[in-house]
Structure formats: C-alpha cells, structure tokens
Amino acid sequence: MNRREFLKISVAGTTSALLGWEGVAGAIQIASSESFVFPAPVYRTLGRTGLKITMISFGAMLTPEAEVMRVAFDHGVNYVDTARRYMGGKNEEIVARALQGKRDKVYVATKTAAKSKQDVFKDVETSLKALETDYVDVIQLHNITGKDDRMLSPEIREALVRLREQGKVRFFGVTTHKNEAEVLHALVDDKARFFDTVLVKFNFKSDAATTQAIARAAQANIGVIAMKTQAGGYETDALGPFSPHQAALKWVLQNRHITAAIPGMRDISHLREDIAVMGMKFGYLDHLILKQYGAAVQPYYCHFCGKCEATCPYDVEISTINRSLMYAEAYRSDALAQSTYRQIPVSSSASVCLSCSECVAKCVNGLDISVKMARARKLLA
Ligand code: SF4
Ligand code: SF4
C-alpha cells in the first residue's frame, strides 16, 4: 500500500487503549479507496481577514496536475497556497489552470522573496500574470527567519500598501519555518500590526515556545495557517499499514488557534487522505501512531531551529541544507530540493565541510550533522 493511500481505520472495540501498538495494528481494517466519500467542508476564520477557509486547504507546492486541485475545489476546499519558485517556476501556472472558471470560489495566496520595493512590484505583477488573475488574496513575504529586515522594511510595506490600493492584493502575510516563535512574536509586537496572516511550520514535534507564540498571534487576530504539518512525511516501515498523515493533521487542527493546514497533495489519493480529516477528532490511535512515527523519524527530522549553526566554525547553513535534504528525501521533489539548496551561498554550503577536519557542530536534537551534510553533498551538490 502506498504510504499516502487513503486509509479508513476502524479500531476494534473499546480495548484499543489496552492493546498497545502491536495490538492496535492487528485490529485495524483498511477500506478500499473506491468507498471514499468527500466530507462536508469545515471552515474556520482566518484572523482579521475575516476569510472563512477550509481547515484542510490546498498546498500546491508538489501538485503536478491542475485536475487534483479542481477536484478539491469542487468539494469545497477554498484556499490554495502557491509560490512561483515551486516546481521549477511552474507552480503558479498549474494553479492558474486549476482556477479556470473557479476564481471567485477560491482564495489564492502566493509569495514573494523580494528585498526591495521595485522587486515586490515586479514579483506581484509576474505572479498575477502567471496565475491569470487580477488580484491575489494573500501576498506573503517568503521564508522570514527572525530579525529579518524584510518584515520591518518601510519600503516593502510601502509597496504592499500601494498594491493593495491598486486592488492587486487584499491581505499581507509572512511565512516562516525557522525561529518561528521569534517571528510570531515580532508580528504581534509590531506597533503597526501590519501583517494579517502567518504561514508557520507547526507539527507534533514543534516545541512549547512555538505553540505559545501561535496562541499569542491568534489572540492578536493574526490568521495562522500551518505548514510542514507532517514532520517531513518520511516513509517508514515502523508503522506497518498505517499512514501517519491523518494523525499529524488532526494533531495540528485540534489546536483552535490554527485556522487551517495546507498539506502538499500530489494526487487524488493524497487529497482523499487529507481532506477526510475535516470533522475528525484526534484520538488515542492517532496518539499511538504519532508516537511511533516520531520515534522512527527522530534520527532524520531536523527542526530547522538553527541552534547548531553557532557551533559550526564555518557558518554552514545547516538548517537550510537539512530542509533541502528533506525536500529531496521525504518530499521526493528534486526541483524543490535543488532550488532551495542553490539559494545557499557556496561559502555556507555543505561543500565547506570537505575542508573541515572534524565536525564539531552540535545538534540539540541529536542529529549527526556530519552524516546529514555528507548526504546533502551526495544528493544536492
Ligand atoms: S563538518 Fe561540521 S563543523 Fe565542519 S564545517 Fe561542516 S557542519 Fe561545520
Ligand atoms: S540539525 Fe539540530 S540543531 Fe541544527 S537546525 Fe536541525 S534540529 Fe536544529
């Protein structure tokens, strides 16, 4: 069974809590995908934007076929997150095909990595053209890592406001998967409260500081959307016939401060598996699955916290290298892995390790950094 094939799991009786992992694994039944019924969409409000979006929204990053998105939109999914950089620069064009005849039913969020006013204008115009639309609902500053000039830059804010006045963007957001808590607090502490939304890495391995910062942002009426909800989504034999994906999504969505998750969905089986979570509760079986999955991925999963980077004498960008590696190994997207890795200057890449006699960089989560860097060189350099 494909790791992402739709699983409909029913646990035998009320004894599951007593069975332990082996017992539960033996007690499940897996229904065929033919019996799938799309659930009624469940909506939450995206902070002060007032947009009511589906709890499972569409992360388009890995979706090669527009038809998969169209099926989702036909079943009520009403928010899609993209970026032009994904899929070798083609992702927005795929989203454009999916939106044909449906633009008024779907909110569209895209991203810009621009560092200047002129580049923000240029980026948004290029995105509008690629998306074949007159406006995007949310424009996000891509990959804010904390103490990032872009978030506080007056000229970038000026450009965004101008675009809003022109009717080309409706709301402003940021995305973050490094120093998430710091970024979230900065959004709340910003006197202008400029940004309406945040797309944040959040999953069952996230720390308490991130959970608390998410709560604070949501209480400040900033709309919070979760990404990287699967802690990599690595394949593992440790779960037998189980998929961890539904459990991971349920874990995230049980948090009332999260408006929605945007799992990446490659095909219809992914869509079915993910969309089915709407209306489901996180239960004991989910807890067991995540416990097992969390232990299995512990040697691989990088939190992108960057705490190791201060211990490397050569300033290697270990967290971004590990993120690139995750895109290659877990997401199986060479294009995304390569484009992320290419953004790292050669002087901070994994190649630097070749002239380092001994790896003294320390991971606070016990990862073997020299092994990860060697793997990155093999797959990406
Ligand atoms: S081997 Fe380790 S300490 Fe040396 S440059 Fe690479 S990451 Fe840094
Ligand atoms: S390797 Fe460890 S310390 Fe470094 S970013 Fe990843 S989880 Fe954090």
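Residues numbered from 1 in each chain as written. Chains lettered and ligands numbered in written order. Predicted model: local features only at pLDDT ≥ 70, side-chain atom pairs only at ≥ 80, totals over all residues.

Some remarks on the overall build of the protein chain
Filter applied, for reference: Labels follow the DSSP assignment, with helices taken as runs of H or I lasting at least four residues and strands as runs of E lasting at least two, numbered in each case from the N terminus. Remark: C-beta atoms are placed from the backbone, and a residue is labelled buried if 20 or more other C-beta atoms sit within 10 Å of its own, exposed if 12 or fewer do, or partly exposed between those counts.
Scanning the protein chain for helices and strands turns up 15 helices and 10 strands. Dimensions of the protein chain, computed from the C-alpha atoms along their principal axes, are close to 60 × 60 × 35 Å. Looking at the protein chain as a whole, 48% of its 381 residues qualify as buried.

Let's talk about helix α4 (residues 91-99)
The following threshold applies: When we speak of the arc, we mean the arc of directions from the helix axis to the C-beta atoms. Note on contacts: each residue gets a C-beta atom placed from the backbone, and two residues are in contact if those atoms are within 7 Å.
Residues Asn91, Glu92, Ile94, Val95, Ala98 and Leu99 constitute the buried set of α4. Seen along its axis, α4 keeps its buried residues to an arc of 155°; they face one direction. Turning to α4, the residues buried within the fold contact α2 (66-74), β4 (79-81), α3 (86-89), β5 (107-112) and α5 (117-131). Among the residues trailing α4, glycine 101 stands out with phi positive, at a value near 80°.

Re the site of ligand 2
For clarity, the cut-off: Residues are counted as near a molecule or strand when the C-beta atom, derived from backbone positions, lies within 6 Å of that molecule or strand. Ten residues, namely Ala, Val, Leu, Ile, Met, Phe, Trp, Tyr, Cys and Pro, are considered nonpolar, four, namely Asp, Glu, Lys and Arg, are considered charged, and the remaining ones, Gly among them, are considered polar.
Around ligand 2, the surrounding shell holds 15 residues, and the nearest of these are Cys302, Cys305, Cys308, Ser319 and Cys363. Among the elements that take part in the shell around ligand 2, helix α13 (residues 318-329) stands out by supplying three residues, more than any other. Split by residue class, the shell around ligand 2 holds nine nonpolar, five polar and one charged.

Overview of the packing of α2 against α4
In plain terms, the rule: The convention used is that axes are lines fitted to C-alpha atoms, helices contributing only their stretch in contact, and that angles between N-to-C directions extend from 0 to 180 degrees. For classification, angles of less than 35 degrees are called roughly parallel, those exceeding 145 degrees roughly antiparallel, those between 65 and 115 degrees roughly perpendicular, and all remaining angles oblique. Helix crossings fall into two classes, left-handed where the near helix is turned counterclockwise from the far one by less than a right angle and right-handed where it is turned clockwise.
Packing of α2 against α4 brings their axes to within 8 Å, and their N-to-C directions diverge by 45°. It follows that α2 is oblique to α4 by the angle criterion. Between α2 and α4 the crossing geometry is right-handed. Of α4, the residues touching α2 (which contributes Ala66, Met69, Arg70 and Phe73) are Ile94, Val95, Arg97 and Ala98. Its residues placed into classes, the contact of α2 with α4 shows six nonpolar, no polar and two charged.

Considering the site of ligand 1
Lining the immediate surroundings of ligand 1 are 13 residues, of which Cys312, Cys353, Cys356, Cys359 and Ala361 lie closest. Of all the elements, helix α15 (residues 369-380) adds the most residues to the shell around ligand 1, at three residues. For the shell around ligand 1, the class distribution of residues is 12 nonpolar, one polar and no charged.

Some remarks on the sheet that holds strand β3 (residues 58-59)
Put simply, the rule reads: When DSSP finds at least two bridges between two strands, those strands are taken to pair.
In spatial order, the strands read β3-β4-β5-β6-β7-β8-β9-β10; together these eight strands make up an open sheet with parallel pairing. The open sheet has two free edges, formed respectively by β3 and β10 (260-261), since each of these has just one partner strand. Across four bridges, the pairing between strand β7 (residues 169-176) and strand β8 (residues 197-201) is parallel. Each residue of the ladder has a partner; that of glycine 173, found in β8, is threonine 197.

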